[in-house]
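The residues making up each chain are set out below.
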Amino acid sequence: KDEEGGAKALLPERTEATLENLRPDDVIMVEGRDFIVAGVGRVAEPQAPYTRECRLDDAGDEASLVVCSGSSWVLYGSPVTVNVSNPPSELLDYKGEVYRMEHRGQLTFAEVTGDLGALPTTKCDYWEYVQPGADRLWLRRQGEQLLVFVGQRLRQHEVTVLPGS
C-alpha cells in the first residue's frame with residue numbers, strides 16, 4: 001500500500017534498472033548530478049525518434065531526459081523560455097545561438113507512470129533542433145501549452161541508472 005493507504009501499482013519485476021525500463025523513484029546520475037525520476041512516459045509509436053520521456057527532479061530543480069530510439073543517445077536538458085513562432089520555424093535562436101530543426105512530428109504516450117509535471121501525458125507535437133556538436137533544443141506542444149528544453153545529446157553510457165525503492 002502507498003502512504004495514503006491506497007493500493008500501490010504493481011510494476012513488473014526487473015533484474016536491473018536501465019534507460020529502457022526507467023521507473024519513478026529510480027536515480028539518474030548524469031554530468032555530476034543526481035536526479036530522482038519523477039515520471040516516465042513510454043512512447044507508443046515504434047517509428048518515433050524517442051522511446052521514453054522522463055521528468056527528473058533534484059530538490060525542485062527539474063530536468064528532462066529523452067531516450068532516443070535505436071541508438072545509444074539520450075537528450076538531457078533543462079526547461080527554458082524561448083519565443084517560438086506558431087508553427088515553429090526551421091531555425092530557432094536561443095541566447096544568440098542558432099539551432100536548426102532536425103526532427104518534427106507527433107508522439108503518443110502509451111503509458112505514463114509517476115508525475116510528468118507539465119510534460120505532455122497523451123499526444124503531443126515535437127520538434128528537435130541541433131547545432132554542430134552535442135547541443136540540442138527540443139519542444140513539446142500539447143494543446144496550447146509549449147515546453148522548451150535546452151541541453152546536450154549524450155551517449156547512454158554517460159548516464160547511470162540506479163534502481164529506486
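Predicted model only: the values in this text are computed from it and were never measured. (Residues numbered from 1 in each chain as written. Predicted model: local features only at pLDDT ≥ 70, side-chain atom pairs only at ≥ 80, totals over all residues. Heavy atoms only, no water.)

**Section: unusual backbone geometry**
Of all residues except glycine, most have a negative phi; of all peptide bonds, most are trans.
In step 1: Put simply, Asn86 and Pro87 share a cis peptide bond, and its omega is 0°.
In step 2: Mapped onto the elements, Pro87 comes out in the loop between β5 (73–80) and β6 (91–94).
In step 3: Here the phi dihedral of Asp25 falls at roughly 80°; this positive angle occurs in a residue that is not glycine.
In step 4: Checked against the element boundaries, Asp25 lands in the segment before β1 (27–30).
In step 5: Residue Asp25 is classed as partly exposed on the basis of its relative accessible area, which comes to 42%.
In step 6: One non-glycine residue, Lys95, adopts positive backbone phi at about 55°.
In step 7: Mapping Lys95 onto the fold places it in the loop between β6 and β7 (97–114).
In step 8: Residue classification places Lys95 among the exposed positions, given a relative accessible area of 69%. (Helix = DSSP H or I, 4+ residues; strand = E, 2+ residues; numbered from the N terminus. Buried < 20%, exposed > 50% of the residue type's maximum accessible area, 1.4 Å probe, protein only.)

**Focus on the side chain of Ser64**
In step 1: Of note, Ser64 is situated in strand β4 (residues 61–68).
In step 2: When its relative accessible area of 0% is taken as the criterion, Ser64 is described as buried.
In step 3: Other than its neighbours up to four places away in sequence, Ser64 contacts Glu53, Cys54, Leu75, Tyr76, Gly77, Trp138 and Phe149. (Contact = heavy atoms within 4.5 Å.)

**Structural notes on the pairing of β1**
In step 1: Where burial is concerned, the two faces of β1 differ: the one with Ile28 and Val30 is buried and the one with Val27 and Met29 is not.
In step 2: Bridge count between β1 and strand β2 (residues 33–43): four bridges; the pairing is antiparallel. Across the sheet, the residue bridging to Val30 is Arg33, located in β2.
In step 3: Adjacent in sequence and paired antiparallel, β1 and β2 are bridged by two residues, among which Glu31 carries a positive phi angle near 50°.
In step 4: Pairing of β1 with strand β11 (residues 159–162), which is carried by four bridges, proceeds in the antiparallel orientation. From the neighbouring strand, Val30 faces β11, where its bridge partner is Val159. (Pairing = 2+ DSSP bridges.)

**Notes on the pattern of salt bridges**
Pairing is possible between side chains that carry opposite charge, provided their charged atoms lie close to one another.
In step 1: Using the criterion set out here, one finds eight salt bridges in the structure.
In step 2: Between Arg33 and Asp58 there is a salt bridge, and its shortest N-O distance comes to 3.0 Å. Here Asp58 lies in strand β3 (residues 50–58) and Arg33 lies in strand β2, a separation of 25 residues in the sequence.
In step 3: Linking Asp115 and Arg55 is a salt bridge whose minimum nitrogen-to-oxygen distance equals 3.1 Å. Residue Asp115 is located in the loop between β7 and β8 (123–130), and its partner Arg55 is located in strand β3; the two are separated by 60 residues in the primary sequence.
In step 4: The exposure class assigned to Arg55 is buried, which follows from its relative accessible area of 10%. (Salt bridge = Lys/Arg side-chain N within 4 Å of Asp/Glu carboxyl O.)

**Remarks on the side chain of Arg140**
In step 1: When you line up the elements, Arg140 lands in strand β9 (residues 135–142).
In step 2: At 3.0 Å, the side chain of Arg140 and the side chain of Glu53 are in polar contact. (Polar contact = N/O pair within 3.5 Å; in protein donor to acceptor, adjacent residues only side chain to side chain.)

**Remarks on the packing of aromatic side chains**
In step 1: The tally for this structure, following the rule as stated, stands at three aromatic pairs.
In step 2: Relative to Tyr76, the ring of Phe35 has its centre 6.0 Å away and its plane inclined at 65°; by these criteria the two rings are edge-to-face. Of this pair, Phe35 sits in strand β2 while Tyr76 sits in strand β5; the two residues are 41 residues apart in sequence, bridging distant segments of the chain. Pair check on accessibility: Phe35 and Tyr76 agree, each one buried.
In step 3: Here the aromatic rings of Trp138 and Phe149 are separated by 5.9 Å at their centres, their planes lie at 20°, and the arrangement is stacked. (Phe/Tyr/Trp six-rings, centres within 6.5 Å; stacked < 30°, edge-to-face > 60°.)

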